[in-house]
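Each chain is listed here by its residues.
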Amino acid sequence: GTSSATLTVTSNDPSSPSEVFLFGNGITGPDLDISPPLHDFGNTAVGNVSEQQDFTLMNTGEGDLTLSSITVNSDFEQSNECPAVLVEEETCVVETTFVPAAAGNFFGILSIVDDAEGSPQKVSLIGYGTSSDITLLPASINFGDQTLGRPSLAHDVRLLNSGNDTITIDSIASSVSAFAQTNDC
């Protein structure tokens, strides 16, 4: 059945005591415990694969637990070697990664369908897709007619990072020596 309690911490803090409400539901039969309850994959560049994050599944109940399916949605991937049946106190690991297809925040769900109470069991997945996009403005420059051996007026080309990730510039060069360039990038 359902149980609840209050955890009280008394200290010299002016706002003492501090309380946390505790609650749970006692059940008989198999039960699935998933640890941790969420993974934050942080920043991952668009099209790249994040560092792997693992979830541990454990049958903490009484009797065998049948696992019907383990899935993720959105831009997350999972792999596992979990058996179809977890016996009492048995564990298995679900390996998850984040592979963003676009820039921005992503929220996903690892969902486990089983024969325990409250199925499907769900845990959260969070990640942020980053991208760096270089934009050069203007896209072209017409220098017009130029007297041989004399420099033209300088024209500016602006390099903009229109993405949400840092750009590392390796070099800036003209493909023909007649078009010289200098920059403060």
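Residues numbered from 1 in each chain as written. Predicted model: local features only at pLDDT ≥ 70, side-chain atom pairs only at ≥ 80, totals over all residues. Heavy atoms only, no water.

Chemist: Help me understand the overall build of the protein in this model?
Modeler: Counting secondary structure elements, the protein contains zero helices and 13 strands. Seen in sequence order, the protein has helices and strands lined up from the N terminus as β-β-β-β-β-β-β-β-β-β-β-β-β. For 185 residues, the compact-globule estimate of 2.2 N^0.38 gives 16 Å, and the C-alpha radius of gyration of the protein, at 28 Å, exceeds that figure by more than 25%. By principal-axis analysis of the C-alpha atoms, the protein measures approximately 90 × 55 × 20 Å. Every one of the 185 residues in the protein was classed for burial, and the buried ones make up 23%. (Helix = DSSP H or I, 4+ residues; strand = E, 2+ residues; numbered from the N terminus. Rg over C-alpha atoms; globule rule 2.2 N^0.38 Å. Buried < 20%, exposed > 50% of the residue type's maximum accessible area, 1.4 Å probe, protein only.)

Chemist: When you look at the state of the cysteines in this model, what are you seeing that I'm missing?
Modeler: Two cysteines joined by a covalent bond between their sulfur atoms form a disulfide. The full count for this structure, using the stated rule, is one disulfide. With its sulfur 2.1 Å from that of its partner, Cys-82 forms a disulfide with Cys-92. Taking the sign of the S-S torsion, about 90° here, the bridge from Cys-82 to Cys-92 comes out right-handed. Of this pair, Cys-82 sits in the loop between strand 7 (76–80) and strand 8 (85–86) while Cys-92 sits in strand 9 (residues 91–98); the two residues are ten residues apart in sequence, bridging distant segments of the chain. For the pair Cys-82 and Cys-92, one class covers both residues: buried. (Disulfide = S-S within 2.5 Å.)

Chemist: Mind showing me how you'd approach the packing of aromatic side chains here?
Modeler: Aromatic rings in a pair are described by how distant their centres are and how their planes are angled relative to each other. For the coordinates displayed, the defined rule picks out five aromatic pairs. Here the aromatic rings of Phe-41 and Phe-98 are separated by 6.2 Å at their centres, their planes lie at 40°, and the arrangement is tilted. Residue Phe-41 is found in strand 4 (residues 38–45), and its partner Phe-98 is found in strand 9; the two are separated by 57 residues along the sequence. The burial state of Phe-41 is the same as that of Phe-98; both residues are buried. Aromatic side chains Phe-143 and Phe-179 sit 5.5 Å apart centroid to centroid with 55° between the ring planes, which places their arrangement in the tilted category. One end of the pair, Phe-143, is in the loop between strand 12 (134–137) and strand 13 (158–161); the other, Phe-179, is in the segment after strand 13, with 36 residues separating them in the sequence. Look at Phe-179 and you get partly exposed, because its relative accessible area is 46%. Following the ring pairs from residue to residue traces out a cluster consisting of Phe-41, Phe-76, Phe-98 and Phe-106. (Phe/Tyr/Trp six-rings, centres within 6.5 Å; stacked < 30°, edge-to-face > 60°.)

Chemist: I tried to follow a negative patch on the surface on my own but got confused; where do I start?
Modeler: Together, Glu-62, Asp-64, Glu-88, Glu-89 and Asp-115 make up a negatively charged patch on the protein surface. Examined against the element boundaries, Glu-62 turns out to sit in the loop between strand 5 (53–59) and strand 6 (65–72). A residue is classified by how much of its surface remains accessible, and Glu-62, at 52% relative accessible area, is exposed. (Patch = residues over 30% accessible without salt bridge, like charges linked within 9 Å, V, L, I, M, F, W, Y side chains within 5 Å. Areas by Shrake-Rupley, 256 points an atom, 1.4 Å probe, with all protein chains shown as cover. Salt bridge = Lys/Arg side-chain N within 4 Å of Asp/Glu carboxyl O. Lys, Arg positive; Asp, Glu negative; His and termini not counted. Charge placed at Lys NZ, Arg CZ, Asp CG, Glu CD.)

Chemist: Is there a simple way to think about the side chain of Asp-114 in this case?
Modeler: Checked against the element boundaries, Asp-114 lands in strand 10 (residues 104–114). Buried charge Asp-114 goes without a salt bridge, the closest partner of opposite sign being Lys-122 at 12 Å. In this structure the side chain of Asp-114 is engaged in a polar contact, spanning 2.9 Å, whose partner is the backbone nitrogen of Ala-116. In contact with Asp-114, not counting residues within four places along its chain, are Leu-32, Leu-65, Thr-66, Leu-67, Ser-68, Ser-119 and Gln-121. (Polar contact = N/O pair within 3.5 Å; in protein donor to acceptor, adjacent residues only side chain to side chain. Contact = heavy atoms within 4.5 Å.)

Chemist: Which parts of the structure should I look at to understand the nonpolar core?
Modeler: Most often, soluble globular proteins have nonpolar side chains that are buried together. Judged by nonpolar contacts, the single largest core of 20 residues is most densely connected at Leu-57, Leu-110 and Ile-112. At the level of secondary structure, the elements contributing two or more residues to this core comprise strand 3 (32–35), strand 5, strand 6, strand 9, strand 10 and strand 11 (121–130). Discounting chain neighbours no more than four positions away, the residues touching Leu-110 are Phe-55, Ile-70, Thr-71, Val-72, Val-94, Gln-121, Lys-122, Val-123 and Leu-125. (Core = buried A, V, L, I, M, F, W, Y, C linked by side-chain atoms within 4.5 Å.)

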